[in-house]
Amino acid sequence: EAAVTQSPRNKVAVTGGKVTLSCNQTNNHNNMYWYRQDTGHGLRLIHYSYGAGSTEKGDIPDGYKASRPSQENFSLILELATPSQTSVYFCASGDAWWEETLYFGSGTRLTVL
Amino acid sequence: GDSVTQTEGPVTVSESESLIINCTYSATSIAYPNLFWYVRYPGEGLQLLLKVITAGQKGSSRGFEATYNKETTSFHLQKASVQESDSAVYYCALGQPGTGSNRLTFGKGTKFSLIP
């Protein structure tokens, strides 16, 4: 069974602080993704990666950085957190097949005060 | 860009009644996108419910069905008889095949629960 683990599950940060959200997958998938979900919006893609060392901008990358140091790990970094980044963040992995299925983590609820 | 519009929730029906969640899409970047339904149960991450990659085909899983209709650009989700365990948030999504990654465009999600 595919497994994607996110940490922490919940995080409270202060405005201007640095936040790192971590994601680990044991599926040996090449692709990994970071999405955020807000009320009234579907999941929106922040960054994604094709493999170790690769990061690509998604649809809403401003204010976020990503890091993929290995096949298994993909981090999302908020260098200067703002209240507008309060959201639920989902990590996912997927094979680069024609009909790729994404496997999601349980989400991280981030509150920026 | 691509977009997905689905039934605005919350949706409530009685146990054993039928459920339909509408989904329509606009795919400006590709003529034949892949279409998906994902489901999020309370406290869990999203998981794939069903997918269809060929126009005109129907996908099914756990009693749910959805047909890829290219003419009406729709992918409505239906179940004939719902139960408590179906209570969840359902997301329709569109994917772009053949790009090396299946970047998905999601709808806003539709929360479904039984009428108490």
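My aim in this report is to walk through the structure given alongside it, one point at a time.

Calculation rules
Residues numbered from 1 in each chain as written. Chains lettered and ligands numbered in written order. Predicted model: local features only at pLDDT ≥ 70, side-chain atom pairs only at ≥ 80, totals over all residues. Heavy atoms only, no water. Helix = DSSP H or I, 4+ residues; strand = E, 2+ residues; numbered from the N terminus. Rg over C-alpha atoms; globule rule 2.2 N^0.38 Å. Buried < 20%, exposed > 50% of the residue type's maximum accessible area, 1.4 Å probe, protein only. Contact = heavy atoms within 4.5 Å. Areas by Shrake-Rupley, 256 points an atom, 1.4 Å probe, with all protein chains shown as cover. Pairing = 2+ DSSP bridges. Polar contact = N/O pair within 3.5 Å; in protein donor to acceptor, adjacent residues only side chain to side chain.

## Some words on the overall build of chain B
Logical step 1: In terms of helices and strands, chain B carries zero helices and twelve strands.
Logical step 2: Secondary structure elements of chain B, listed N to C terminal, follow the sequence β-β-β-β-β-β-β-β-β-β-β-β.
Logical step 3: The C-alpha radius of gyration of chain B comes to 14 Å, within 12% of the 13 Å expected for a compact globule of 116 residues.
Logical step 4: Principal axes of the C-alpha set define a box for chain B whose edges measure 45 × 30 × 20 Å.

## Focus on the overall build of chain A
Logical step 1: When helices and strands are tallied, chain A shows zero helices and eleven strands.
Logical step 2: Along chain A, helices (α) and strands (β) appear in the sequence β-β-β-β-β-β-β-β-β-β-β when read from the amino end.
Logical step 3: For 113 residues, the compact-globule estimate of 2.2 N^0.38 gives 13 Å, and chain A sits close to it at 13 Å.
Logical step 4: Each principal axis of the C-alpha distribution contributes one length, and for chain A these read about 40 × 30 × 25 Å.
Logical step 5: Out of the 113 residues in chain A, the part that is buried amounts to 51%.
Logical step 6: Counted over contacts in chain A with a minimum sequence separation of 6, partners at least 24 positions apart contribute 54%.
Logical step 7: If you sum the accessible surface of chain A, you get close to 5,200 Å²; carbon and sulfur atoms cover 50% of it.

## Describing the pairing of strand E5 (residues 44-49) of chain A
Residues and elements named next belong to chain A.
Logical step 1: Of all six residues in E5, five are buried, a share of seventy percent or more.
Logical step 2: Where strand E4 (residues 31-37) meets E5, five bridges bridge the pair, whose relative direction is antiparallel. Residue pairing in the sheet places Arg36 in a bridge with Arg44 of E5.
Logical step 3: In textbook terms, the turn of a hairpin is the stretch between consecutive antiparallel strands, and for E4 and E5 this stretch comprises six residues, one of which, Gly40, has a positive phi near 85°.
Logical step 4: By the bridge criterion, two bridges tie E5 to strand E6 (residues 56-57) in an arrangement that is antiparallel. For Tyr48, the partnering residue across the bridge sits in E6 and is Glu56.
Logical step 5: Linking E5 to E6, which pair antiparallel, is a turn of six residues; within it Gly53 sits at a positive phi near 85°.

## Structural notes on the environment of B:Gly45
Logical step 1: Its location among the elements puts B:Gly45 in the loop between strand E5 (34-40) and strand E6 (46-52).
Logical step 2: Residue B:Gly45 is classed as buried on the basis of its relative accessible area, which comes to 8%.
Logical step 3: For the pair B:Gly45 and B:Ala93, spaced 48 residues apart in the sequence, the C-alpha separation amounts to 15 Å.
Logical step 4: If we ignore the near neighbours within four places in the chain, the residues touching B:Gly45 are A:Phe90, A:Phe104, A:Gly105, A:Ser106, B:Val39 and B:Arg40.

## Some remarks on the environment of A:Gln71
All names here are of chain A.
Logical step 1: Within the fold, Gln71 resides in the loop between strand E7 (65-67) and strand E8 (75-78).
Logical step 2: For Gln71, a relative accessible area of 19% translates into the label buried.
Logical step 3: Measuring from C-alpha to C-alpha, the distance between Gln71 and Pro83 comes to 31 Å, with twelve residues separating the pair along the chain.
Logical step 4: If we skip the residues at most four places from it in the chain, Gln71 touches Gln25, Asn28, His29, Asn30, Met32, Gly51 and Ala52.
Logical step 5: Of note is the side chain of Gln71, whose polar atom sits 3.2 Å from the side chain of Asn30.

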